[in-house]
Amino acid sequence: VDAFQAWCGPCKTVVDLFRKIRNEVGGDVLHFAVAEVDSIHALEKYRGKCEPVFLFYAGGELVAVVRGANAPLLQKTILEQL
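Residues numbered from 1 in each chain as written. Predicted model: local features only at pLDDT ≥ 70, side-chain atom pairs only at ≥ 80, totals over all residues. Heavy atoms only, no water.

The name that an unreviewed UniProt entry assigns to the chain is TXND6 protein, with the source organism given as Geococcyx californianus.

**Description of the packing of helix H1 (residues 15-25) against helix H2 (residues 71-81)**
Where H1 meets H2, the axes come as close as 11 Å, and the angle between the chain directions of the two elements is 25°. Comparing their axes, H2 and H1 come out roughly parallel. Pair H1 / H2 crosses with right-handed handedness. Contacts between H1 and H2 involve Leu17, Phe18, Lys20, Ile21 and Val25 from the first element and Ala71, Leu74, Gln75, Ile78 and Leu79 from the second. Each residue belonging to the contact of H1 with H2 can be placed in one class, and the counts come to eight nonpolar, one polar and one charged. (Axes fitted to C-alpha atoms, helices over the stretch in contact; angles between N-to-C directions. Helix = DSSP H or I, 4+ residues; strand = E, 2+ residues; numbered from the N terminus. Parallel < 35°, antiparallel > 145°, perpendicular 65-115°, else oblique. Left-handed = near helix turned anticlockwise from the far one by under 90°. Contact = heavy atoms within 4.5 Å. Nonpolar A, V, L, I, M, F, W, Y, C, P; charged D, E, K, R; others polar.)

**What about H1?**
Turning to H1, its buried residues are Leu17, Phe18 and Ile21. For H1, the angular spread of the buried residues around the axis is 100°, confining them to a single face. Projecting away from the buried face of H1 at angles above 90 degrees are the exposed residues Asp16, Arg19 and Asn23. Along its buried surface, H1 packs onto strand E3 (53-58) and H2. Positive backbone phi, at 100°, marks glycine 26, one or two positions downstream of H1. (Buried < 20%, exposed > 50% of the residue type's maximum accessible area, 1.4 Å probe, protein only. Arc of directions from axis to C-beta.)

**A few points about the sheet that holds strand E4 (residues 61-67)**
Strand order in this open sheet of four strands is E2-E1-E3-E4, and the pairing throughout is mixed. Looking at which strands have only one partner, the edges of the open sheet turn out to be strand E2 (34-36) and E4. Geometrically, the sheet is characterised by an average inter-axis angle of 30° between neighbouring strands, direction not taken into account. In the sheet, strand E1 (residues 2-4) pairs with E2 via three bridges, with the strands oriented parallel. (Pairing = 2+ DSSP bridges.)

As structure tokens, then:
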């Protein structure tokens, strides 16, 4: 989940990376979403910073968090969680 604030917007720089990884591993295994933290109470701890936060869930549980648009770290985290 790309968690963003309305005044900062979702991180568009990693969309291509996400598409590439999803094409490689298959859409049935990996899903991406965006969430505006200003409108979701459960995500309020991610408010107040102008850096993207990527939340990784498996089985309904938060399993990893990556702060910032660090493409190599995002790719590594995605592949490790799969």
